[in-house]
2 protein chains.
Amino acid sequence: MTFRVGTFNVNSLRSRLPVLERWLPTAGVDVLCVQETKVTDDQFPVAEVEAMGYHAVFAGQKSYNGVAVLSRRAPDESVSGFNDSQEPNADSRLLAVRFGDLWIFNSYVPQGKAIDHPDYQYKKEFLSRLSGLVAARLPGNVLWVGDLNVAPTPLDVTNPTNKKDHVCFIQELRDLYALKTSALVDLLRRFHDGEELYSFFDYRVKNALERNIGWRIDHMLASPALAGLCRNCWIDKEPRGWEKPSDHTPMLADFDLEL
Amino acid sequence: MTFRVGTFNVNSLRSRLPVLERWLPTAGVDVLCVQETKVTDDQFPVAEVEAMGYHAVFAGQKSYNGVAVLSRRAPDESVSGFNDSQEPNADSRLLAVRFGDLWIFNSYVPQGKAIDHPDYQYKKEFLSRLSGLVAARLPGNVLWVGDLNVAPTPLDVTNPTNKKDHVCFIQELRDLYALKTSALVDLLRRFHDGEELYSFFDYRVKNALERNIGWRIDHMLASPALAGLCRNCWIDKEPRGWEKPSDHTPMLADFDLEL
DNA sequence: GTCCACTGCG
DNA sequence: CGCAGTGGAC
């Protein structure tokens, strides 16, 4: 038995229900971490998710952000936000769930807007603070997934030379990201070294999917022992080509785990 | 062989494509007169209409109004607007098409807003001017259809006593309508005398369809000889109950005609 | 290009 | 309630 985990920035859960209803029942996913649900908790489509056979844990807000974890069985424990008495608590950008002895951190890291914008400073603080939370669970089994809004290397974005000042690629951010994730394994790269694989294709780039013009900013990062149990990790580009797609597409990983 | 004509105020053709794609292929319609397409001619969904097996003639504008005629075969002739050198030409409210010796006038009569609003005067002028155009084709076969924005009698609206000052029911307008349509036969009433049948159900009235709270403001009016060839006329309430419906629902008529 | 929110309309 | 437009975000 393998345990399959996925991450998918849906860019509005309610707008993406048709895509999810087409994809999820065939994807064989045990736990799906969803970002940018853009829905308040009282409006979360619980019935629709249950109709697909999934339990939902969610932490949302109006218009922006919002995270959820859809899972075949309910998590044993879940924590929304940083929950460390510091402000802001980032409730709608972070949701940690536990299945047995595995902690999964589902995160939507701020994009940052521009390198001279306050949001970029917040992005760096968010990454540091979140990495601390993850590190606190080591050496246990930890999986940190989500839209991290960082392309870690030049291989992770099309035309990197144009992107030197981009808030998802600037050297300072990549250095910070490398430092803060150094204890973890980038699962996609464990199985697909050197390949131009992307999880985000801008709506505004004509035929971005077919031309493979995109960004690898969604990630699945595992603690070393857990990474050793990982049997495969891949990006499923299919849903990006369907009607009314998200601009992101799902990433998945299989683990030799009984939970 | 019968020749089936329909009229349907779609309240945005692009928004209503899913409804139309569900309804039209099973409706057996030869000619469908559509109102409130709300689409400019360059944005008209020609391919989608052709995929349903219909030819399209259209006269639209941005945001408001817009008429189209969808037909299994292209009309022999079509005229957009009043085309009588008077202003305004009402391009996007009127489209006349000819099939053989039958002229069909597809019209979207102004609603009028309020009895003290200039639009109400325009509505009366529009009705008069249009009836002149129709009369000019008599004694030939003429069919005047569309959203005429007139409930001709108290039977044609729910709670008529509350509607005495309504721009679609005020006595002055009903008198004008009766006068201007006196040479024509109201096909629905030819087959359904005395019945509370409506073609428009306000979105804002909760469960309007189930409670049958509505207006009969869409009409099919035929010249006497043509009315004699009419075998049936009915309102199809089904599409009003589907997902994302128009606030109007189609009306249909069958004729013993070979065109 | 596709989301969101908001306003104006019937 | 569900169209349309506008302006902001990414």
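Analysis parameters
- Residues numbered from 1 in each chain as written.
- Chains lettered and ligands numbered in written order.
- Predicted model: local features only at pLDDT ≥ 70, side-chain atom pairs only at ≥ 80, totals over all residues.
- Heavy atoms only, no water.
- Helix = DSSP H or I, 4+ residues; strand = E, 2+ residues; numbered from the N terminus.
- Buried < 20%, exposed > 50% of the residue type's maximum accessible area, 1.4 Å probe, protein only.
- Contact = heavy atoms within 4.5 Å.
- Areas by Shrake-Rupley, 256 points an atom, 1.4 Å probe, with all protein chains shown as cover.
- Lys, Arg positive; Asp, Glu negative; His and termini not counted.
- Charge placed at Lys NZ, Arg CZ, Asp CG, Glu CD.
- Pairing = 2+ DSSP bridges.
- Near = heavy atom within 4 Å.
- Polar contact = N/O pair within 3.5 Å; in protein donor to acceptor, adjacent residues only side chain to side chain.
- Nonpolar A, V, L, I, M, F, W, Y, C, P; charged D, E, K, R; others polar.

Caption draft 1: Up close: the overall build of chain A. Helix and strand content of chain A: 7 helices and 12 strands. C-alpha extents for chain A along the principal axes are approximately 45 × 40 × 35 Å. When each of the 259 residues of chain A is scored for burial, the buried share is 56%. Contacts spanning at least 24 positions in sequence make up 69% of the contacts within chain A whose residues lie at least 6 apart. Of the roughly 11100 Å² of accessible surface on chain A, 49% is carried by carbon and sulfur atoms. One way to put it: in chain A the 29 positive side-chain charges average out to a point 4 Å from where the 35 negative ones average out.

Caption draft 2: Representation of the pairing of strand S4 (residues 67-71) of chain B within the structure. Residue and element names in this part refer to chain B. Of all the 5 residues making up S4, 5 are buried; the element is thus mostly covered by neighbouring parts of the structure. Here S4 shows two buried faces, one formed by Val 67, Val 69 and Ser 71 and the other by Ala 68 and Leu 70. Across 5 bridges, the pairing between strand S2 (residues 31-35) and S4 is antiparallel. Along S4, the bridge assignment pairs Gln 35 with Val 67. As defined by bridge partners, strand S3 (residues 55-59) adjoins S4 across 5 bridges and the pair is classed as antiparallel. Residue pairing in the sheet places Phe 58 in a bridge with Ala 68 of S4.

Caption draft 3: Geometry of the protein's contact with DNA strand C. Every one of the 13 residues lining DNA strand C counts as a neighbour, but Ser 12, Ser 63 and Tyr 203 of chain A together with Lys 113 and Arg 204 of chain B are closest to it. Take Ser 63 of chain A: an N or O atom from its side chain is 3.2 Å from a sugar or linking oxygen of DNA strand C. For the surface near DNA strand C, a count of residues per class yields 2 nonpolar, 4 polar and 7 charged.

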